[in-house]
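Read off the chains here:
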Amino acid sequence: MPLTSKNRTKEHVLPNAIGGRKTVDNFICSDCNHNTGTKWDAKLVEQLRPLCTMLNVNRSRGQNREFDVETVSGRKLSVKRDGSIHARTMPELRKILSRLKKKYTQIDLDEVLKRASPKQEYLSEPYGVSLTVGGSLAGRAIVKSCLAMVYDAGVEIGCCDDAESYLLKEGTPCFGYYYERDVVSNRPEKAIFHCIYVSGDPKKRQLLAYVEYFSWLRIVVCLSQNYDGPSISHCYAVDPVTGKDLELDVVLTIEPDEIPEIYDYKKVNYDEIERALNAVMETWSQMDSNRARSHAIQEALDFACRECGISEGDVLTDEQVVRFTRVIVSRLEPFLEHMIVGSKLTEDDLRAIARKSRGRARQ
């Protein structure tokens, strides 16, 4: 559909739901933006949701959604965006009681709910997260992002004939996973980022793109093998946790005869995939520990204030100080026990986690 002043819209180069901030204008009409967003982008976001929620990525709008996990013993739980794990919720209790009310009419729903209260506990066993990224819809979302980046570089997207064939004419997928060498020359340590880079080389007749999600999933896209436009080198990178842009140097040197090998998964190093994902999980683990500690301390302080009848600005007596301290220590005991247990995972525990947490990349 031709773009007009009425139907043109802004498009996120990387989906907002995974932490992308950069947008391009006059690139896509509102109908296409909606259709590709609800189909292509939504599938990619769904596949990356565990990382988005665990890291609580910084979105310009909307909130990260929970996702379901299963512990090594088979217990099913939900992970919230604040890192907490929920087995049952008050809304779920209300639904259960509503069903029971139909059979047992004497149940007083309001009275039961009034007496019900949430109980906080710490998970005593690990849970696994399975990551599978790929497929037709997610693949199209990836390639569409590359086209948006080409447009942002000032190049007509009509040059992207391989991408056009794939997206609009059911052509051959024009991308593959790439781990043969690290193309980010100044990769920051212990930082998680998204990166999208486009490179145009008229001498090689190549218009290529490189996409990396969460410092883990690394993809090379061949937009055209008949490129005769200007030489370009254009990069956008963002830390999805903070929302801040990053300055990354990408050196994408791919020979024409490597393209079929990339498509055929011959440039995939599974040891490197595992290493990259483990690095992300280590960063998340530290973030999660810090978040849990802050939450436990704040919750203990709030609880102690309520129990002791203390308001902000009160001057405490010696007796109040003693009681206040005891309540805080008592309230923190479950958290401290959890931290001690968590630091003593056995080899069997680690193997169970590995079985549950396999990152798989497929097209």
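See the structure shown above.
Residues numbered from 1 in each chain as written. Predicted model: local features only at pLDDT ≥ 70, side-chain atom pairs only at ≥ 80, totals over all residues. Heavy atoms only, no water.

(A) Just the overall build of the protein chain, in detail. Each helix and strand in the protein chain was counted, giving nine helices and 14 strands. Taking all 363 residues of the protein chain together, the buried fraction comes to 40%. In the protein chain, 69% of the contacts between residues at least 6 apart in sequence involve partners at least 24 apart. About 20,500 Å² of surface is accessible on the protein chain, with carbon and sulfur atoms providing 49% of the total. (Helix = DSSP H or I, 4+ residues; strand = E, 2+ residues; numbered from the N terminus. Buried < 20%, exposed > 50% of the residue type's maximum accessible area, 1.4 Å probe, protein only. Contact = heavy atoms within 4.5 Å. Areas by Shrake-Rupley, 256 points an atom, 1.4 Å probe, with all protein chains shown as cover.)

(B) How the structure looks around the side chain of Gln 47. Positionally, Gln 47 belongs in helix H1 (residues 30-55). Residue contacts for Gln 47: discarding those within four places in its chain leaves Leu 131, Thr 132, Val 133, Gly 134 and Ala 138.

(C) Fine view of the packing of aromatic side chains. Applying the stated criterion to the full structure yields three aromatic pairs. The ring of Tyr 236 has Lys 22 sitting right over it, with the charged end atom 5.9 Å from the ring centre. Looking at Arg 331, its charged tip hangs above the ring of Phe 303, at a distance of 3.9 Å from the centre. (Phe/Tyr/Trp six-rings, centres within 6.5 Å; stacked < 30°, edge-to-face > 60°. Lys NZ or Arg CZ within 6 Å of the ring centre and 35° of its normal.)

(D) Inspection of the state of the cysteines at higher detail. As enumerated under the stated definition, the model contains zero disulfides in all. Cys 222 provides the cysteine sulfur closest to Cys 174, a residue in no disulfide bond, and the two sulfurs are 7.0 Å apart. (Disulfide = S-S within 2.5 Å.)

(E) Representation of helix H5 (residues 161-168) within the structure. When H5 is considered as a whole, its buried residues turn out to be Asp 162, Ala 163, Tyr 166 and Leu 167. For H5, the angular spread of buried residues about the axis comes to 120°, placing them on one side. Considering only its buried residues, H5 is in contact with H1, helix H4 (136-152), strand S8 (175-177) and strand S11 (217-224). (Arc of directions from axis to C-beta.)

(F) A look at the packing of H1 against H4. Running from amino to carboxyl end, H1 crosses H4 at an angle of 105°, the nearest separation of the two axes being 8 Å. It follows that H1 is roughly perpendicular to H4 by the angle criterion. Of the residues in H4, those in contact with Thr 36, Gly 37, Lys 39, Trp 40, Asp 41, Lys 43, Leu 44 and Gln 47 of H1 are Leu 137, Ala 138, Arg 140, Ala 141, Ile 142 and Lys 144. Among the residues making up the contact of H1 with H4, the classes are represented as six nonpolar, three polar and five charged. (Axes fitted to C-alpha atoms, helices over the stretch in contact; angles between N-to-C directions. Parallel < 35°, antiparallel > 145°, perpendicular 65-115°, else oblique. Nonpolar A, V, L, I, M, F, W, Y, C, P; charged D, E, K, R; others polar.)

(G) Just the pairing of strand S12 (residues 232-238), in detail. Here seven bridges tie strand S9 (residues 194-201) to S12, and the two strands are oriented antiparallel to one another. Looking across to S12, one finds that Gly 200 is bridged to Ile 232. Inspection of the sheet shows S12 paired to strand S13 (residues 245-246) by two bridges, in the antiparallel sense. The residue bridging Ala 237 from the neighbouring strand is Leu 246, located in S13. Taken together, S12 and the strand that follows it, S13, pair antiparallel across an intervening segment of six residues, in which Gly 243 is found at a positive phi of about 80°. (Pairing = 2+ DSSP bridges.)

(H) Region of the structure containing H1. Along its 26 residues, H1 runs just 30 Å from first to last C-alpha, ending more than 12% under the 38 Å computed at 1.5 Å per residue. For H1, the principal kink sits at Leu 48 and spans about 60°; a proline, Pro 50, occurs within the next four residues. Directly beyond the C-terminal end of H1, a positive phi value near 50° is found at Asn 56. (Expected span 1.5 Å × (residues − 1). Bend = angle between axes of the 7 residues up to and from the residue.)

(I) Molecular detail of the nonpolar core. In terms of nonpolar packing, the biggest core is built from 65 residues, with Tyr 213, Trp 216, Val 221 and Leu 223 touching the most fellow members. Top contributing element to this core by residue count: H4, with nine residues. Formed by 17 residues, the second largest nonpolar core is a distinct cluster that contains Val 183, Phe 193, Leu 248 and Ile 254. (Core = buried A, V, L, I, M, F, W, Y, C linked by side-chain atoms within 4.5 Å.)

(J) Fine view of the side chain of Glu 258. Summarising the element assignment, Glu 258 is placed in the loop between S13 and helix H6 (259-263). Given the relative accessible area of 9%, Glu 258 is considered buried. Not counting the four nearest positions on each side in its chain, Glu 258 is found in contact with Tyr 178, Glu 180, Arg 181, Thr 253 and Lys 267.

(K) Focus on the sheet that holds strand S10 (residues 206-213). The six strands are arranged S8-S11-S10-S9-S12-S13 in an open sheet whose pairing can be described as antiparallel. The two strands at the open ends of the sheet, each matched to only one other strand, are S8 and S13. Contacting S8, S9, S10, S11 and S12, H4 crosses the sheet at an angle of about 65° to S11. Packed onto the sheet, H5 meets S8 and S11 and runs at close to 105° relative to S11.

(L) Region of interest: the pattern of salt bridges. In total, this model carries 18 salt bridges according to the counting rule given. Residue Arg 218 pairs with Glu 212 through a salt bridge whose shortest N-O separation is 3.5 Å. In this pair, the class of Arg 218 matches that of Glu 212, namely buried. With a closest N to O distance of 3.4 Å, Arg 218 and Glu 272 form a salt bridge. Taken together, the residues span a long stretch of sequence, with Arg 218 in strand S11 and Glu 272 in helix H7 (residues 270-308) at a distance of 54 residues. Each of Asp 182, Arg 187, Glu 212, Arg 218, Glu 272 and Arg 275 takes part in salt bridges that share partners, so that together they form one network. (Salt bridge = Lys/Arg side-chain N within 4 Å of Asp/Glu carboxyl O.)

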